[in-house]
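What follows is the residue order along each chain.
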Amino acid sequence: MATSARRDEPLRDTLRQNRGAARGIRRPAWTGQAALPRVPASPSTPLRNTPAMRLSQYFLPTLKETPAEAQIVSHRLMLRAGMIRQSSAGIYSWLPLGFRVLKRIEQIVREEEDAAGCQEVLMPTIQPAELWRASGRYDDYGAEMLRIKDRHDRDMLYGPTNEEQITEIFKAYIRSYKHLPKLLYHIQWKFRDEVRPRFGVMRGREFLMKDAYSFDLDYAGAERSYRKFFVAYLRTFARMGLKAIPMQADSGPIGGDMSHEFQILAETGESKVFCDKAFLNFDPLQSDIDYDGNLKPLVDRWTGLYAAADEKHDPAKCPVKGDQLLEARGIEVGHIFYFGTKYSAPLGANVDGPDGKSTTVHMGSYGIGVSRLTGAIIEASHDDAGIIWPESVAPFRVGLINLKTGDAKTDALCADVYAKLRQKKVEVLYDDRDERAGAKFADMDLIGLPWQVIVGPRGAAVEKVEVKNRRTGERAEMSVDQALTKVAG
RNA sequence: CGGGGCGUGGCGCAGUCUGGUAGCGCAUCUGCUUUGGGAGCAGAGGGUCGUGGGUUCAAAUCCCGCCGCCCCGACCA
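Along each chain, residue indices are assigned from 1 in the same order as the chain's sequence is written. To read the labels, note that chains go from A and ligands from 1, taken in the order they are written. Local features are withheld for residues below a pLDDT of 70 in this predicted model, meaning they are given only at 70 or higher, and side-chain atom pairs are given and counted only at 80 or more; totals for whole chains, interfaces and linings count all residues. For the side-chain quantities, the full set of heavy atoms in the structure was used; hydrogens and water were omitted.

Caption draft 1: Here's a closer look at the overall build of chain A. Every helix listed is a DSSP run of H or I at least four residues long, and every strand listed is a run of E at least two residues long, numbered separately from the N terminus. Scanning chain A from N- to C-terminus turns up 14 helices and 24 strands. For every residue, the accessible area obtained with a 1.4 Å probe (protein chains only) is divided by the maximum for its type, and the residue is called buried under 20%, exposed over 50%, and partly exposed between those limits. Counting only residues that meet the buried cut, chain A has 50% of its 489 residues in that class. Here, residues are in contact when the closest pair of their heavy atoms is within 4.5 Å. Of all intrachain contacts in chain A linking residues separated by at least 6 positions in sequence, the fraction that spans at least 24 positions is 72%.

Written out as structure tokens, the structure reads:
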């Protein structure tokens, strides 16, 4: 058998690599292979399985130059920080750093939905056309819906939303008003075949969305459910460090009456918004919420102030005068609406009421763009050097920078700080690469971890480290113990 | 979907008008020197120039078709 040139390639590559390894040659940050950790006999299943990471082993392909296709700042920074990789127009893979942020955001959304009494389910991405024919939307939805056929030539679709699906589930099991209200949500990938996807994950075709659905006996009940989500949304966005303003909205193609969209304020936002400056003083996290109590006063407080997106704003009719009117740019990150029996009626979602009569349930649906939020947060929180993550969604809380790997004292001090942070369960990314100081500073600023602990030979000689706050830029030298306290939060 | 632009090594670009050995910077690999804000020198590897056809002695370059991506607008979480 002839030995082809191609056949020789892998062998040569292997030899080359082995030679490199034997000499202790460093590999780029994201190609290194870590020794696999020993698996304990009875492994636990923590939510986060990588609380700490060495950058020399981490897959973090940062870019110095900006890819040409990215126009807006969040898209540029997500590509440069190695968070995502475009697969095709409006469709992205999530790399480790981006995926961590996505999971963080998802988890905050989940916690606040759960707190409001909403229960998590998971519905499929692929749905049967039949379901959508029943609601009449199979024909109404248009080309934005990705239609596919299975091997039996049955019409299927990649779900752009899940009203029909959830209504079918509800209908199958719930027969009595005694089981109402029911609040259900899921966090699932959706697909809308946008004519023109753009702005990176802010307007992709495939996107991760939390969509919740409420089922109530009547309008009054639906109103109570609506308020729960209204409040949960205020808390959700506030926890991500965002200023979200609820604005009266059209209910769009899904249809309905009561509707608000939640716009976060960001200088680079997609549309102009106008609102009362008093909003800025509201803090949704100030007080505990009793979701079983009366939420009307709280919702009224938020809806009592003027807020309008560009197309709804009429300067002549605006009640807010002069300085008190805030003109800003916004990004829509959530949308809630009540739509009555729009789906429950055609799909036959009825329950028996107290009077023994069958009643069509009142529904509402409540969306949050989870993947979009990743970009939106960056739009709201960045500077020239890169991303500035709010602590609640940061992929790691602390970046530990070793300014001179190979220097015994510096290495030892870094190892000490790294171990202590892990002990304190502080998520840390340790830059132990053999790179120049400047490159490390630049990368760390770019990926935007809230805290940097900088260790160099100068400080190591006197057992001091430098702590830098990414947001304020404030930096100070201090002992390891002081640094741990400062950074642990 | 209307209008415009662009596809050349992993990234950013030149070369196309006027056809004639495929280049530059960054990144990567090797060696030496460097080391507190994206290092220097020397060497090396890597590209069927989006794709199919056509014209020609010869095509990244000219012609036709197709595909992909980006921007503006209308539309949207």
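Caption draft 2: Representation of the nonpolar core within the structure. Residue types Ala, Val, Leu, Ile, Met, Phe, Trp, Tyr and Cys, when buried and joined through side-chain atoms within 4.5 Å, form a set referred to as a nonpolar core. Counting residues in each nonpolar core, the largest one holds 83 residues, and the members touching the most others are M83, F237, M240 and W389. If one sorts the elements of this core by residue count, helix 7 (residues 219–239) sits on top with 9 residues. M240 has contacts with I105, I108, V109, L373, I377, P390, S392 and V393, leaving out every residue within four places of it along the chain. Of all hydrophobic cores here, the second largest spans 22 residues; its members include V398, Y418, V426 and V480.

Caption draft 3: Geometry of unusual backbone geometry. Here the amide bond leading from L180 into P181 is cis, since omega sits at -5 degrees, within 30 degrees of zero. Counting through the fold element by element, P181 comes out in the loop between helix 6 (163–173) and strand 8 (182–191). Notably, D153 is not glycine yet its phi reads approximately 70 degrees, a positive angle. Here D153 lies in the loop between strand 6 (146–149) and strand 7 (155–158). For D153, a relative accessible area of 54% gives the class exposed. Even without being a glycine, F199 presents a positive backbone phi close to 60 degrees. Here F199 is to be found in the loop between strand 8 and strand 9 (206–216). Judged by its relative accessible area of 29%, F199 falls in the partly exposed class.

Caption draft 4: Structural detail: the environment of M53. Position of M53 relative to the elements: it lies in strand 1 (residues 52–54). Those residues in contact with M53 that sit more than four places away from it in its chain are Y58, F396, Y418, V428, L429 and Y430.

Caption draft 5: Structural view of the sheet that holds strand 6. Strand pairing follows a simple DSSP-based rule, namely that at least 2 bridges must link the two strands. With antiparallel pairing, the 3 strands of this open sheet are ordered in space as 5-7-6. In this open sheet, the two edge strands, each paired with only one partner strand, are strand 5 (126–128) and strand 6. Neighbour-to-neighbour, the strand axes of this sheet turn through a mean angle of 35 degrees, independent of strand direction. To define axes, lines are fitted to C-alpha atoms, for helices over the stretch in contact only, and angles between the resulting N-to-C directions are given on a 0 to 180 degree scale.

Caption draft 6: Region of the structure containing the sheet that holds strand 20 (residues 398–402). Read across the open sheet, the 6 strands follow the order 1-21-20-22-23-24; overall the sheet is mixed. Two strands bound the open sheet, and with one partner strand each, they are strand 1 and strand 24 (475–479). Direction aside, the axes of adjacent strands within the sheet are offset by 20 degrees on average. Relative to strand 22 (residues 451–455), strand 20 is paired through 5 bridges, and the arrangement is parallel. Looking across to strand 22, one finds that V398 is bridged to W451. Contacts from helix 11 (residues 408–423) reach strand 1, strand 20, strand 21 (428–431), strand 22 and strand 23 (464–469) within the one sheet, and its direction differs from that of strand 20 by about 165 degrees. Of the strands in this sheet, strand 20, strand 21, strand 22 and strand 23 are in contact with helix 12 (residues 437–447), which crosses strand 20 at around 175 degrees.

Caption draft 7: A look at the protein's contact with RNA strand B. Throughout, the term near means that a residue has one or more heavy atoms lying within 4 Å of the molecule or strand in question. Of all residues adjacent to RNA strand B, which total 43 residues, the nearest are R196, R203, G204, E332 and R475. Counting only atoms of RNA strand B within 4 Å of the protein, the sugar-phosphate share comes to 45%. Separating a sugar or linking oxygen of RNA strand B from a side-chain N or O atom of Q86 is a distance of 3.3 Å. A 3.5 Å cut-off defines polar contacts: any pair of N or O atoms within that distance qualifies, except that in protein one atom must be a possible hydrogen donor and the other a possible acceptor, and neighbouring residues in sequence count only when both atoms are side-chain atoms. A89 places a main-chain nitrogen or oxygen 2.8 Å from a phosphate oxygen of RNA strand B. Looking at the surface near RNA strand B, the elements that each hand over two or more residues are strand 2 (84–88), helix 12, helix 13 (457–460) and strand 23. The element contributing the most residues to the surface near RNA strand B is helix 12, with 7 residues. Residue classes follow a fixed rule: Ala, Val, Leu, Ile, Met, Phe, Trp, Tyr, Cys and Pro count as nonpolar, while Asp, Glu, Lys and Arg count as charged, and any other residue, Gly among them, counts as polar. Residues that form the surface near RNA strand B fall into these classes: 15 nonpolar, 8 polar and 20 charged.

Caption draft 8: Layout of the environment of I388. Structurally, I388 is set in the loop between strand 19 (386–387) and strand 20. Excluding residues that lie within four positions of it along the chain, I388 makes contacts with S381, H382, D383, G448, R470 and R471.

Caption draft 9: The arrangement of the pairing of strand 10 (residues 244–248) in detail. With 4 of its 5 residues buried, strand 10 lies for the most part within the structure. Judged from the 5 bridges that link them, strand 10 and strand 11 (residues 259–265) form a sheet pairing that is antiparallel. Paired with M247 across the strands is E261, a residue of strand 11.

Caption draft 10: Summary view of the pairing of strand 8. Across the 10 residues that make up strand 8, a large majority, 8, are buried. With 2 bridges joining them, strand 4 (residues 119–120) and strand 8 adopt parallel strand pairing. In the sheet register, E120 faces strand 8, and the bridge partner there is Y185. Here strand 8 pairs with strand 9 via 10 bridges, running antiparallel. Across the sheet, the residue bridging to H186 is D211, located in strand 9.

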